[in-house]
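# Summary of structural features
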Amino acid sequence: MSEPKSTKWPWTYFEISEFENPWIVKKSNKRTLIDREIRCAVLDNEIGEKCDWKTTDSKRQASTSKMIDHLRKQHSIDSPDKPEEPKRAEYSIFPDPNSIGSTILLMWIPLKQSNF
Ligand SMILES: [Zn+2]
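Just so you know, these numbers come straight off a predicted model, no measurement behind them. (Residues numbered from 1 in each chain as written. Predicted model: local features only at pLDDT ≥ 70, side-chain atom pairs only at ≥ 80, totals over all residues.)

A few words now on the pairing of strand β2 (residues 30–40). On a regular strand, each side chain points to the face opposite its neighbour's, so the side chains alternate between the two faces of the sheet. Note that strand β1 (residues 14–25) and β2 share ten bridges and pair antiparallel. Its bridge partner being in β2, E20 is matched across the sheet by I34. Once β1 ends, the chain turns through four residues before running back antiparallel as β2, passing N29 with a positive phi of about 60 degrees. In the sheet, β2 pairs with strand β3 (residues 54–56) via three bridges, with the strands oriented antiparallel. By the bridge assignment, I38 is partnered in β3 with T55. (Pairing = 2+ DSSP bridges. Helix = DSSP H or I, 4+ residues; strand = E, 2+ residues; numbered from the N terminus.)

Quick look at the structure:
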């Protein structure tokens, strides 16, 4: 139950039920007695029923990539906070990147010289 923060978001779209099924965690080679069924709970717009896609902890081996893949392909659902685009926050802190850029350059030159 210690998923990294970035892969937490898919879980809100799934229903989890535990059942007894001994399996081996490949990464740590540890035996786990309880397996979990992870069933997609997204409603299908066309038929108004829950999507029946499912996986288990033993199948996915603690990886959320298959779950994310399913959400993206079948439901066009993607991560609410994309970690691939961290630049956006910088621009809101510095509204004028041109003036900041020259300030950093002026500070950086003497710093580089002192290293020699
Ligand atoms: Zn689904």
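The next thing to look at is the environment of L43. Inspection of the secondary structure assignment puts L43 in the loop between β2 and β3. Sequence separation between L43 and H75 is 32 residues; the distance between their C-alpha atoms is 9.0 Å. Ignoring anything within four residues of it in the chain, the contact list for L43 reads G48, E49 and K50. (Contact = placed C-beta atoms within 7 Å.)

Attention now moves to the sheet that holds β1. Spatially, the three strands line up as an open sheet ordered β1-β2-β3, and their pairing is antiparallel. Two strands bound the open sheet, and with one partner strand each, they are β1 and β3. Looking at each pair of strands side by side, their axes are set apart by 20 degrees on average, direction ignored. (Axes fitted to C-alpha atoms, helices over the stretch in contact; angles between N-to-C directions.)

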